[in-house]
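Overview (structure and organization)
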Amino acid sequence: MEPVKTIEEPAAPPALPIQQEPDAKLSDVALAKSILLVEDNHINQRLIVRLLKGLGFTIIDVAANGKEGVDMVKAGPSVYGLILMDTSMPVMSGVEATKMIREMGLDVPIMALTAHAMMVDQESFLTQGFDDCLSKPVRKTKLQEALVKWLDRALPRQNPARACTSFLSSTKPTKPPTESITSLYRRSASRISTQASFAHSQARPLGSPHSIGPTLPRVLGPLLASIQLSGIIYPEYANLSYTTTYDTPPSIPTMSAPSGPIAALAPLATPLPPSPNGSPFTDAQWAILMALMDAVVPRIVRTSAATPGSLDYVVSDAEYAFLSTQAGASAHATDAETLDAYLAERPSDSAEFQDLLMRQLVFYVTDEQVNGLKFVLAALRRAVIDGLYPDAGHVGRAGALGGAEGLANALLVADTRALFPAVTGYSATPTGYEPGPAFDYKFLQFKAGGEPATLEFDVVIVGSGVGGGVSAKNLAEAGFSVLVVDKAYYHPPDRLPMTEAAGYTHLFENGGFDVTYDSSLTFIAGSNWGGGGSINWSASLQPQSYVRHEWSQDRKLPLFETTEFQDALDRVCYRMGVSTEHVEHSHGNQVLLEGARKLGYEAKAVPQNTGGHKHACGRCGMGCGAAEKQGPNVCWLPDAARAGAQFMEGYNVERVLFETRGGNKTAVGVKGVWTKDGVEREVVVKAQRVIVSAGSLKSPVLLMNSGLKNKHIGRNLYMHPANMVSAFFPEDVRPWEGAILTTVCTSFENLDGHGHGAKMEATCMIPTLSLSQLNWTSGPDWKLLAAKYRHMNTYASFARDRDTGRVLANPPRVEYTPSAFDRRHTLIGLLEMIKILLVGGAAEIHPHLPGAPPFIVDPSAERSPADPTFAAWLRKVEAVGNAPPGVACGSAHQMGSCRMSATEGMGVVDPEGRVWETRGLYVADASVFPSASGVNPMVTNLAISDVISRRMAAGLKKERGERL
Ligand SMILES: Cc1cc2nc3c(=O)[nH]c(=O)nc-3n(C[C@H](O)[C@H](O)[C@H](O)COP(=O)(O)OP(=O)(O)OC[C@H]3O[C@@H](n4cnc5c(N)ncnc54)[C@H](O)[C@@H]3O)c2cc1C
């Protein structure tokens, strides 16, 4: 990774676009911004508003004097894209108001409107915090020119603290014939810094909606979010007025810090697999990538400690002190040494970071995506180093976007190194950690060999997750020889919960996260011994009656309204000890419950599958160290083992094997490759019944790769698309402590009368899942937000989706774009969740919708959704909306891609779970749902798989002439 080689450089870069003359047309992005006009004269007000409307602006607020203007800015510090400020007004002059706005640390462009037309007067305004000056009466062409200049071209203000990265301050680069990687890195870093923040703040559209213009901010968002966790910020936002420090007494019981000596125990480390051997990137591409990381999140140093010529982000000693104080104000660590290190940390200094990044890109990103990313890097190199924006319409399709998202995902795991925990107090080890009992699994082992090993069982189950686990128990207990296989591996409780870097690698599909083909949704699914059931959040809800009615009546599957199905639901819940009895709500869950009830909404406790125990480690999204969560690895698979089932981990099933028997295509087993400790062996498992339980993302792929042609395979994919919101509270929340998801608000779950709507729930507060999704305006904003992570809770609004996507096998990809219908529901849920947070005591509310500003609660105002300031802000959030490509939804629930149907032409499996075009082949997992469950799907899945496997056992016994 060390930048040592020299490389050939391209021809001399032309001038940067920002230095070119603007065309006088305002872009859509500029026109979407809010303008604040501060003007006391009514006639002037009307005239200027008319001019602005004529230019295409729609969001124009008017204040009648400087004081009113300042108050409006205070209420929403990042709401306004530009302020037009009359200089002389009663109550408070424009000069005084501008001074106060600048004292808040705000960088918003402010234009003086003045009748003092002399040049000397205008210059004096520029020294008093104004950016530009317009003479009255204001003329349309002058106004338009100024707006283009400040809204579309994003000229950096002439602030000495930022001059070091300003395009304007950089001299036009002269090109050496060759350049070292180090100097390429330096030049890239300095340019990318400005380019990135420019792109993010402007989201300048270039060509198609998928062009790099909108892509860059979206890509940089998660990147920065992740890097932010390692503790680096920009300085200029340090004194934003919404940088709240908290000292208010708690209103809701807080999670207590561990008392007494901190437990010496921690989970054993699970090493990562060997690093990739080689890199798909050239040194120059890697240098660009590192420059991108560092430029966006630079090392910050004070002037007195700065090294001349370095790329450090230099701020004055006074600014540095202020920044450090702000970062420390709501943090865990307050000593100067830690905060200095926090400010100085940058991603490329960490070999671990670079290694994780490379792993993600090599192991989990497809070649198509890597190529896309390389293309983006090349485009960035042209755009940034050569100073041109690419005509990027051809860049942005799936390859580039997917690659970039892969990169983002890579960075999501590269977090929580030294300084984030030090600054926030976060620990990956649960309080009072003590590993629970491990089940003594005996996995089949093989020697290396040329010939495939062949095994024979009554039933082979592909996938050890939720559907596979319960099926294994039932069939083994019914007396059949059962083999459960999974491509992933078992990890005992003393290795759990894993750190995020290890956990995403060992416990999840695709190294943690994946993204749909058009990048409009990021999804996550478990892959380990126990599948999603061993990393999920314990929420154990049964499906609502209206969903069961739809499946039974509309889809002609009567099972779902029978006592047989209800018995199955109750049976699986009973076995897992599902109950609300031992639930102790965390701070975040308590806020949801109480806030919803204050508003008259329906909210309730969510039952947990924790074996009748209180379980509140907060981290078992990375595996349950206490072995209390009754996931398949703790509950169903040990039951199956006790009944004689056998197990194979590390076995990737490549295809189902068929023979034609009696003219029917009949499944006779599976074929795949077993891998463990560097030994590989092809293994064939022969079986009378094959159950595919590989999950909604992989079951259809396995069926397609096995040669099945039913057009429904992979279609009808439901995702429960989610949007999120975070809130900061005055009290010390320590959100990583306490049970994860124990409450739900259900008032908005049936918005269309057909069972489609949204549910609101608390989410897991592992930093990469929550903090990294937070909306942000800049690096410094992020840094300060990260420093007060211990005050934050995050919530999701997820829709029971009506509209679907699909899974493809060749090329392997997931296509799903949340429809406007479904997005509307998640948005409604999100807006209602925000109201719950307001009445629930939040100090700041941050919707995870890029472009939506945070709401800073005025402690003296009434906490009511009817409060005019809050209501106006909420309307703005609604207007920002959740449409892709600007906003990506998330999903942890995938369903329906091998749906059950009453007739052959309508789905993939019949009401018994049999694959329509075959004999002996079944699917038992969430992929058989007839449509979205509308509740967290584990219990529904268990019950369906319970019925499928019990019926299969009965059928097999009958076939063999055995007694039922
Ligand atoms: C972060 C997270 C939190 C969640 N929280 C909740 C919750 O609180 N409550 C709830 O109800 N639901 C929750 N869910 C959803 C729930 O866990 C899943 O819906 C459920 O696990 C899906 O079960 P499944 O049987 O379809 O497949 P999975 O449980 O996903 O199991 C599939 C298994 O198949 C294996 N596999 C795949 N392909 C192959 C192959 N070719 N060869 C061999 N093995 C293969 C995989 O490695 C995996 O282990 C959560 C999910 C996530 C990701």
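As a reminder, the structure under discussion sits directly above these lines.
The structure reproduced in this document is the subject of the present report.

Observations concerning the overall build of the protein
Scanning the protein for helices and strands turns up 27 helices and 28 strands. The 964 residues of the protein split such that 61% are buried. Here the protein displays about 35,600 Å² of accessible surface, and carbon together with sulfur accounts for 53% of that area.

A short note on the packing of aromatic side chains
Summed over all chains, the structure comprises 24 aromatic pairs. Taking 5.4 Å as the distance between ring centres and 75 degrees as the angle between the ring planes, the aromatic pair formed by Y441 and F647 counts as edge-to-face. Taken together, the residues span a long stretch of sequence, with Y441 in the loop between α15 (419-424) and β10 (453-462) and F647 in strand β15 (residues 646-648) at a distance of 206 residues. Of the residues examined, Y441 reaches a relative accessible area of 8% and is grouped as buried. In this structure an aromatic cluster arises from ring pairing among F439, Y441, F443, Y490, W529 and F647. The aromatic ring of F658 is capped on one face by K665, whose charged end is 4.9 Å from the ring centroid.

Here we look at the side chain of D132
Tracing the chain through its elements places D132 in strand β6 (residues 132-135). Within the structure, D132 has its side chain in polar contact with the side chain of K149 (distance 3.2 Å). In terms of polar contacts, D132 uses its side chain to reach the side chain of W150, at 2.7 Å. In contact with D132, other than residues within four places in its own chain, are I110, M111, A112, L126, A146, K149 and W150.

Some points on the site of the ligand
As a structural note, the neighbourhood of the ligand is formed by 35 residues, with G467, D486, S527, A539 and M938 the closest of them. Contact distances for the ligand include 3.3 Å between an oxygen atom and a backbone N or O atom of P937. Here an oxygen atom of the ligand and a side-chain polar atom of N941 are 3.0 Å apart. For the ligand, the accessible surface in isolation is 1,000 Å², of which the surrounding protein chains cover 95%. The set of elements that each furnish at least two residues to the shell around the ligand consists of α16 (466-477), β16 (651-661) and α27 (938-960). For the shell around the ligand, the element with the most residues is β16, which contributes 3 residues. Per-class residue counts for the shell around the ligand are 14 nonpolar, 17 polar and 4 charged.

Points about the pattern of salt bridges
A full pass over the atoms with the stated rule returns 39 salt bridges. A salt bridge links D732 to R790, with the nearest nitrogen and oxygen atoms 2.7 Å apart. Residue D732 is found in the loop between β19 (722-728) and β20 (743-745), and its partner R790 is found in the loop between α24 (779-787) and β22 (792-799); the two are separated by 58 residues along the sequence. Overall, the relative accessible area of 28% leaves D732 in the partly exposed class. On the basis of relative accessibility, which here comes to 8%, the residue R790 falls in the buried class. It is possible to trace a salt-bridge network through shared partners that takes in K473, E477, R575, D639 and R642.

Quick look at the sheet that holds strand β5 (residues 110-114)
Strand order in this open sheet of 5 strands is β3-β2-β4-β5-β6, and the pairing throughout is parallel. Bordering the open sheet on either side are β3 (60-63) and β6, each of which pairs with just one other strand. On average, each strand axis in the sheet is inclined to that of its neighbour by 20 degrees, with strand direction left out of account. The strands touched by helix α2 (residues 42-55) within the sheet are β2 (34-38), β3, β4 (80-86) and β5, with β3 carrying the most contacts at an inclination of about 165 degrees. Across the sheet, helix α4 (residues 94-103) is in contact with β4 and β5; its angle to β4 comes to roughly 150 degrees.

With respect to the nonpolar core
Counting 83 residues, the largest nonpolar core has V482, M648, V685 and L703 as the members making the most contacts within it. When residues of this core are assigned to their parent elements, the largest contribution, 10 residues, is made by α27. Apart from the residues within four sequence positions on either side, V685 is in contact with L455, F457, V460, L483, M648, Y651, V668, G669 and V670. Counting residues in each nonpolar core, the second largest holds 48 residues, with I300, V423, L541 and L771 among its members.

Concerning unusual backbone geometry
Backbone phi values are negative for most residues with the exception of glycine, while trans is the configuration of most peptide bonds. That bond from L496 to P497 is cis: its omega, -10 degrees, falls within 30 degrees of zero. Counting through the fold element by element, P497 comes out in the loop between β11 (482-485) and α17 (500-507). Put simply, N810 and P811 share a cis peptide bond, and its omega is -5 degrees. If you trace the backbone, P811 turns up in the loop between β23 (806-808) and β24 (813-815). Positive phi is not limited to glycine here, since H720 has a value of about 50 degrees. For H720, a relative accessible area of 2% corresponds to the buried category. The residue R734 is not glycine, and still its phi comes out positive at about 45 degrees.

Remarks on the packing of helix α10 (residues 317-329) against helix α11 (residues 336-344)
Direction vectors running N to C along α10 and α11 enclose 105 degrees, while the axes themselves pass 10 Å from each other. In terms of their interaxial angle, α10 and α11 are classed as roughly perpendicular. Contacts from Y320, L323, S324, A327 and G328 of α10 reach α11 at L339, D340, Y342 and L343. Residues of the contact of α10 with α11, tallied by class, amount to 6 nonpolar, 2 polar and 1 charged.

What about the environment of L52?
Counting through the fold element by element, L52 comes out in helix α2. According to the relative accessible area criterion, L52 is buried, its value standing at 0%. Measuring from C-alpha to C-alpha, the distance between L52 and K140 comes to 8.5 Å, with 88 residues separating the pair along the chain. Other than its neighbours up to four places away in sequence, L52 contacts I35, F57, I60, L84, L143 and L147.

Describing the environment of G595
Its location among the elements puts G595 in helix α20 (residues 587-598). As a C-alpha pair, G595 and L837 span 242 residues in sequence and 6.4 Å in three-dimensional space.

Things to note about α2
Every α-helix winds through 3.6 residues per turn, so residues three or four apart in the chain are directed the same way. With 14 residues, α2 should cover 20 Å at 1.5 Å per step; its first-to-last C-alpha distance of 20 Å lies within 8% of that length. Those residues of α2 that sit buried are Q45, I48, V49, L51, L52 and L55. With its buried residues spanning 160 degrees around the axis, α2 presents them on a single face. Among the exposed residues of α2, those oriented more than 90 degrees off its buried face are H42, I43, R46, R50, K53 and G54. Its side-chain oxygen placed 3.0 Å from the backbone nitrogen of N44, N41 serves as the N-cap of α2. Positive backbone phi, at 115 degrees, marks G56, one or two positions downstream of α2.

Comments concerning the packing of helix α19 (residues 563-575) against α27
At a closest axis distance of 8 Å, the pairing of α19 and α27 adopts a crossing angle of 115 degrees. Here α27 runs roughly perpendicular to α19, going by the angle between their axes. For the pair α19 and α27, the sense of crossing is right-handed. Counted together, E564, F565, A568, L569, R571, V572 and C573 of α19 and V939, T940, L942, A943, I944, D946, V947, R950 and R951 of α27 form the full contact between these two elements. Of the residues in the contact of α19 with α27, the class split is 10 nonpolar, 1 polar and 5 charged.

Some points on the side chain of S693
Along the chain, S693 falls in the loop between β18 (679-692) and α22 (699-705). A relative accessible area of 6% places S693 in the buried class. A polar contact is formed between the side chain of S693 and the backbone oxygen of A924, at a distance of 2.8 Å. The contact partners of S693, leaving out residues within four places of it in the chain, are I461, V462, G463, G467, G468, S699, A924 and D925.

Calculation criteria
All residue numbers refer to position in the chain's written sequence, counted from 1. Local features in this predicted model are restricted to residues of pLDDT 70 or higher, and side-chain atom pairs are both shown and tallied only at a pLDDT of 80 or more, whereas totals for entire chains, interfaces and linings draw on every residue. For side-chain calculations, the full set of non-hydrogen atoms in the structure is used, while hydrogens and water are omitted. Helix and strand assignments follow DSSP, with helices taken as H or I runs no shorter than four residues and strands as E runs no shorter than two, numbered in order from the N terminus. Three exposure classes are used, based on accessible area relative to the maximum for each residue type with a 1.4 Å probe and protein chains only: buried under 20%, partly exposed in between, and exposed over 50%. Residue burial considers only the protein chains on display, and all accessible areas are found by Shrake-Rupley using a 1.4 Å probe. Only Phe, Tyr and Trp rings take part, Trp by its six-membered ring, and two of them pair if their centres are within 6.5 Å. Stacked means planes under 30 degrees apart, edge-to-face means over 60, and tilted covers everything else. Think of it as a cone above the ring: NZ of Lys or CZ of Arg counts as a charge over the ring if it is within 6 Å of the ring centre and within 35 degrees of the ring normal. Each polar contact in these results corresponds to two N or O atoms within 3.5 Å; when the atoms are within protein, one needs to be able to donate a hydrogen and the other to accept it, and residues that are neighboring in sequence are counted only if both atoms are side-chain atoms. Contacts are assigned to residue pairs with any non-hydrogen atoms lying within 4.5 Å of each other. Note on terminology: near, applied to a residue and a molecule or strand, indicates that one of the residue's heavy atoms is within 4 Å of it. Ten residue types, Ala, Val, Leu, Ile, Met, Phe, Trp, Tyr, Cys and Pro, are classed as nonpolar, four, Asp, Glu, Lys and Arg, as charged, and the remainder, Gly among them, as polar. The term salt bridge refers to a side-chain nitrogen of Lys or Arg lying within 4 Å of a carboxyl oxygen of Asp or Glu. Criterion used throughout: strands pair if DSSP finds at least two bridges between them. Only the contacting stretch of a helix is used when fitting its axis, a line to C-alpha atoms as for every element, and angles between N-to-C directions run 0 to 180 degrees. Residues grouped as a nonpolar core are buried Ala, Val, Leu, Ile, Met, Phe, Trp, Tyr and Cys residues, joined through side-chain atoms within 4.5 Å. Orientation labels follow simple angle bins: below 35 degrees gives roughly parallel, above 145 gives roughly antiparallel, 65 to 115 gives roughly perpendicular, and whatever is left gives oblique. Here a helix's expected span is defined as the number of its residues, less one, multiplied by 1.5 Å. The directions from the helix axis to the C-beta atoms are what the arc is built from. By convention the crossing between two helices is left-handed if the near helix lies anticlockwise of the far one by an angle smaller than a right angle, and right-handed if it lies clockwise.

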